[in-house]
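Examination of the molecular architecture
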Amino acid sequence: MKPKNVKIIDCTIRDGGLVNNWDFSIEFVQDLYNGLNDAGVEYMEIGYKNSPALLNATEPNPWRFLDDDFLKQVITEKKKTKLSALVDIGRVDPNDILPREESILDMIRVACYVREVDKGLELVEMFHNLGYETSLNIMALSSVPEHQLIEAFDMVRESPVDVVYIVDSFGSLDPKDIEHQVNKFSALIPNKQLGIHTHNNLQLAFANTLTAMRNGVVYLDSSIYGMGRAAGNCHTELLVGYIKKTSYELKPLLHVIEKHMLEMREKWEWGYIIPFMISGILNEHPRVAMAYRNSDERDQFVNFYDKVTTPEATPSPTSK
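Numbers given for residues are sequential positions, taken from 1 along each chain in its written order. Owing to the predicted nature of the model, reporting of local features is limited to residues with pLDDT of at least 70; listing and counting of side-chain atom pairs is limited to 80 or more, with chain, interface and lining totals taken over all residues. Side-chain numbers come from the whole structure's heavy atoms, not from hydrogens or water.

The protein has the name 4-hydroxy 2-oxovalerate aldolase in an unreviewed UniProt entry, where Ureibacillus acetophenoni is given as its organism.

Okay, here's the thing in structure tokens:
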């Protein structure tokens, strides 16, 4: 993979919002956008384009329910860095999506489980017809049976989707697993570009992302200072500093971290935390670990391990 082909999508606002209920100031989002642009990062995922009415939302949450008019007030000058948003199956009203020429967004990504790929591709086709770049992000890949993936990809090959993502939702995969998945995706959907979204439960998000890149994956998800649900994501600053691309510049990202992220890290928790590591080892969704970290027993790691390794206490992953 030649570095010039690589495209980074920074997911700090969207995935990091799972840490703090999207409690980001407009100043931070503006500083992040400008920093990413100055750093040469190709995309910024500025939140979810889900519809508040479908989620019975009673409080305003602008980064979870993106509004085009609001976004134009936040990003007053569109620069080289493109903007993307994510939607979930059953959580977006098509009437809330403007044609691309009327929106500040460039890409809309669809997250779904393998059993919902047909519904996900219906949304992809709608967004494609409205002029957006599109991706399909198949979640919880580490628990998907092979035959289900093969059946799903029969539909994906015939769809207009631009990018298909390998998503390590539980942070349980290692570089060998990633290489296997990339080779499988490349063989099954040779007409699609691939993306990678990793979580850092086993401290492998950066290594897994580089492995994917070296095996031909073009779109690399990451976040500033690794901010993301539970153990967080691959670090944007690591990718920008490591990948030899002449347009990348590390210093603007260091400014954002220095000005904003150090204080955020004291207020909200993400990164390498033992219960998150354990959920990754067990290939489980981190929701149980996140709940445990909010309890009085938060640092009783042996107790947590005993709880989640008792068969009747271990839930099966069913949601994002």
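1. Looking at helix α9 (residues 251-267)
Starting at the N terminus, helices and strands are each numbered in turn, a helix being any DSSP run of H or I of at least four residues and a strand any DSSP run of E of at least two. Expected span of a helix: the number of residues minus one, times 1.5 Å. Between its first and last C-alpha, α9 extends 24 Å over 17 residues, near the 24 Å set by a 1.5 Å rise per residue. One axis fitted to the seven residues ending at a residue, another fitted to the seven starting there: the angle between these axes is the bend at that residue. Of all the bends found along α9, the most pronounced is centred on H260 and spans about 45°. Three exposure classes are used, based on accessible area relative to the maximum for each residue type with a 1.4 Å probe and protein chains only: buried under 20%, partly exposed in between, and exposed over 50%. Taken as a whole, α9 has its buried residues at P252, L253, V256, I257, H260, M261 and M264.

2. Concerning unusual backbone geometry
Phi is positive for Y225, which is not a glycine, with a value near 60°. Overall, the relative accessible area of 27% leaves Y225 in the partly exposed class. Despite not being glycine, N283 shows a phi value in the positive range, around 55°. Note that N283 resides in the loop between α10 (274-281) and α11 (287-293).

3. Considering the environment of H180
Mapped onto the elements of the fold, H180 is located in helix α6 (residues 175-188). Owing to a relative accessible area of 44%, H180 belongs among the partly exposed residues under this scheme. The sequence separation of H180 and E42 amounts to 138 residues, and the corresponding C-alpha distance is 27 Å.

4. Describing the domain arrangement of the protein
Here the domain parsing of the protein yields domain 1 (7-267) and domain 2 (274-309). Each side of the interface is counted separately: domain 1 has 10 residues, and domain 2 has 10 residues. Once two parts are joined, some of their accessible surface, as seen by a 1.4 Å probe, is lost; buried area is that loss totalled over both. Summed over both partners, the interface of domain 1 with domain 2 buries about 850 Å², with 64% contributed by carbon and sulfur atoms. Basic side-chain nitrogens of Lys or Arg form a salt bridge, by our definition, when they fall within 4 Å of a carboxyl oxygen of Asp or Glu. Summed over the shared surface of domain 1 and domain 2, the number is zero salt bridges. Gly falls in the polar group here, along with every residue not listed as nonpolar (Ala, Val, Leu, Ile, Met, Phe, Trp, Tyr, Cys, Pro) or charged (Asp, Glu, Lys, Arg). Classifying every residue of the side of domain 1 that touches domain 2 gives five nonpolar, four polar and one charged. Those domain boundaries reflect an automatic or database domain assignment. What makes two residues a contact is simply this: any of their non-hydrogen atoms within 4.5 Å.

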